[in-house]
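Understanding the architecture of this molecule
This is what each chain is made of:
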Amino acid sequence: MAEPERWQVSTDAAEVYESCFVPAIFGAWASPVADAAGIRTGNKVLDVGCGTGVLAREALRRVGQGGQVVGVDLNEGMLAVAARTEPKIAWRLGDAVSLPFEDMSFDVVVSQFALMYFPDRVASLREMWRTLATGGHLAVAGWAPIDHARGYRILVDLAGRQCGREAADVLAAPFVLGDQIELGKLFESSGISGAEVTLHEGSIRFPSVEEFIRIEVKGSPLAEMLSDDAMRSLAAESEDALAEFVMPSGEIIMPMDAHIVTASKG
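Now for a description of the structure that goes with this document. (Residues numbered from 1 in each chain as written. Predicted model: local features only at pLDDT ≥ 70, side-chain atom pairs only at ≥ 80, totals over all residues. Heavy atoms only, no water.)

Topic: the side chain of Glu 18
Test applied: Note on conventions: DSSP H or I runs of at least 4 residues are helices, E runs of at least 2 residues are strands, and numbering of each starts at the N terminus. The criterion used for residue contact is that any of the two residues' heavy atoms lie within 4.5 Å.
Relative to the helices and strands, Glu 18 is located in helix α1 (residues 11-37). Not counting residues within four places of it along the chain, the set of residues in contact with Glu 18 comprises Pro 23, Thr 52, Arg 57, Val 81 and Thr 85.

Below, the structure is given as structure tokens:
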């Protein structure tokens, strides 16, 4: 279950993702990624690995009535929530390694925090590039190294001690593409020349440490791996381990940086 390509969630977990993870983590990145992609009025945009669609919704806001946004994902639970949240976007079930679109179909192709979960990243990037029109723009976001997210570093170590290696691997999986140099080489290997990797500082926030742990478990494959007792035990020890990030209000705010890779197709 810890392998990236096996990361699948139920519709219930997708609901948690949309209602909790999007406002706490992913929503703040939709605008920076859309900015990096240069999305404009009238563009035709593809969001690969769209999840519940936070980036696709930002793209829709920018393209206006004359544009079009398509979101594609391999996870039916995510797409069910996405379609209910914004029916104006064309949601498609599909695999990133074999996108169901013609060559050069889109003015802009984006992907936000999904590349690390694709089983064949080179093939997936080649497909994004294939579907991008000449003169179009590509923007792909991925998390920086876990050392740029110290709260998660602490949680991964804690989960490894309390819950075992498999649980720790699930929590660490989002950071597997954190090395900036290796990330650039991945794009080169995919035939995408001139890609630029830029580090962007960011942060995440949850109402409390307890909510942070609950959401991490319920909104991921950990939901099927940890019992309620194990989750409560993890939350109890996390209260002390993550105390440095807790605000006087009880809210927890932790640093979490990302890379945004951009390229233009000549």
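Section: the environment of Trp 91
Within the secondary structure, Trp 91 is located in strand β3 (residues 90-93). A C-alpha to C-alpha distance of 5.9 Å links Trp 91 and Val 70, two positions 21 residues apart in sequence. The contacts of Trp 91, once residues within four sequence positions are left out, are Cys 50, Thr 52, Gly 53, Ala 56, Gly 71, Leu 79, Ala 82, Ala 83 and Glu 86.

Overview of the sheet that holds strand β9 (residues 258-264)
How we decide: At least two bridges found by DSSP between two strands is the condition for calling them paired. All axes are obtained by fitting lines to C-alpha atoms, using only the stretch in contact for helices, and the reported angles, taken between N-to-C directions, cover 0 to 180 degrees.
An order of β3-β2-β1-β4-β5-β9-β6 is seen for the 7 strands of this open sheet, with the pairing classed as mixed. Both edges of this open sheet fall to β3 and β6 (196-200), since each of them pairs with a single strand only. Across the sheet, the axes of successive neighbouring strands diverge by a mean angle of 20 degrees, strand direction being ignored. Bridge analysis of strand β1 (residues 44-48) against strand β2 (residues 68-73) gives 5 bridges, and the strand direction is parallel.

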